[in-house]
Amino acid sequence: MNVKIKKINSEAKVPVYGSKGAACFDLYAANIINVTDENGERTVTYGTGLQFEVPEGHVMMVYSRSGHGFKYGITLANSTGVIDADYRGEVCVKLRKPGTDIHGMPAVGERIAQAMIIPVGQVSFEETDELSSTQRGAGGFGSTGAK
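An account of the accompanying structure is given in this report. (Residues numbered from 1 in each chain as written. Predicted model: local features only at pLDDT ≥ 70, side-chain atom pairs only at ≥ 80, totals over all residues. Heavy atoms only, no water.)

1. Comments concerning unusual backbone geometry
Working step 1: The phi torsion at Asn39 lies on the positive side, around 55°, for a residue other than glycine.
Working step 2: Relative to the helices and strands, Asn39 resides in the loop between strand S4 (31–38) and strand S5 (41–53). (Helix = DSSP H or I, 4+ residues; strand = E, 2+ residues; numbered from the N terminus.)

2. Remarks on the environment of Tyr63
Working step 1: Its place among the elements puts Tyr63 in strand S6 (residues 58–63).
Working step 2: In the structure, Tyr63 is positioned 52 residues away from Glu11 in sequence and 22 Å away in space, judged by C-alpha atoms.
Working step 3: Residues in contact with Tyr63, not counting those within four places in the same chain, are Cys24, Leu76, Thr80, Ala113, Gln114 and Met116. (Contact = heavy atoms within 4.5 Å.)

3. Focus: the nonpolar core
Working step 1: Membership of the largest hydrophobic core comes to 24 residues, with the highest contact counts inside it found for Leu27, Phe52, Met60, Val62 and Leu95.
Working step 2: Secondary-structure elements contributing two or more residues to this core are strand S3 (25–28), S5, S6, strand S9 (90–98) and strand S10 (111–119).
Working step 3: Every residue in contact with Leu95, bar those within four places of it in the chain, is listed here: Arg42, Thr43, Val44, Tyr46, His68, Ile74, Thr75, Leu76, Ala77, Met105, Pro106 and Ile112. (Core = buried A, V, L, I, M, F, W, Y, C linked by side-chain atoms within 4.5 Å. Buried < 20%, exposed > 50% of the residue type's maximum accessible area, 1.4 Å probe, protein only.)

4. Some details on the environment of Leu50
Working step 1: Examined against the element boundaries, Leu50 turns out to sit in strand S5.
Working step 2: Overall, the relative accessible area of 1% leaves Leu50 in the buried class.
Working step 3: C-alpha of Leu50 to C-alpha of Cys92: the two residues are 42 residues apart in sequence and 8.6 Å apart in space.
Working step 4: When neighbours within four sequence positions are excluded, Leu50 is seen to be in contact with Ile5, Lys6, Lys7, Ile8, Ala12, Lys13, Pro15, Gly89, Glu90 and Val91.

So this is what it looks like as structure tokens:
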């Protein structure tokens, strides 16, 4: 699959896969849009300097980098980013870190997130008075584990 991208910042880097077997490609910081320190945490909003043409019938999912989380406690502020196929603006990433220590927060030019483009289908909804029964039924959190 070929995905068109448009550079809107001269510092933007084309995404790359970190290895042959990588599921996600890396997104890089082209600039820092905003930094805040409040409620005991630091947040940094980065611009990738890129606009994507996600193919129709697909979505781009943006995730935290595992190294950021394991090494520095850094996560994506919105947990998972969803870039719809009809969005044409710049892809931005907001990272959050407990405390106000900047150690580990990426600098411009560094990797800030990882993303994948996957097929997605839209569904239709049918209102009903009854649903089919299953073995699990209405069992909630932890209801499918071993007993």
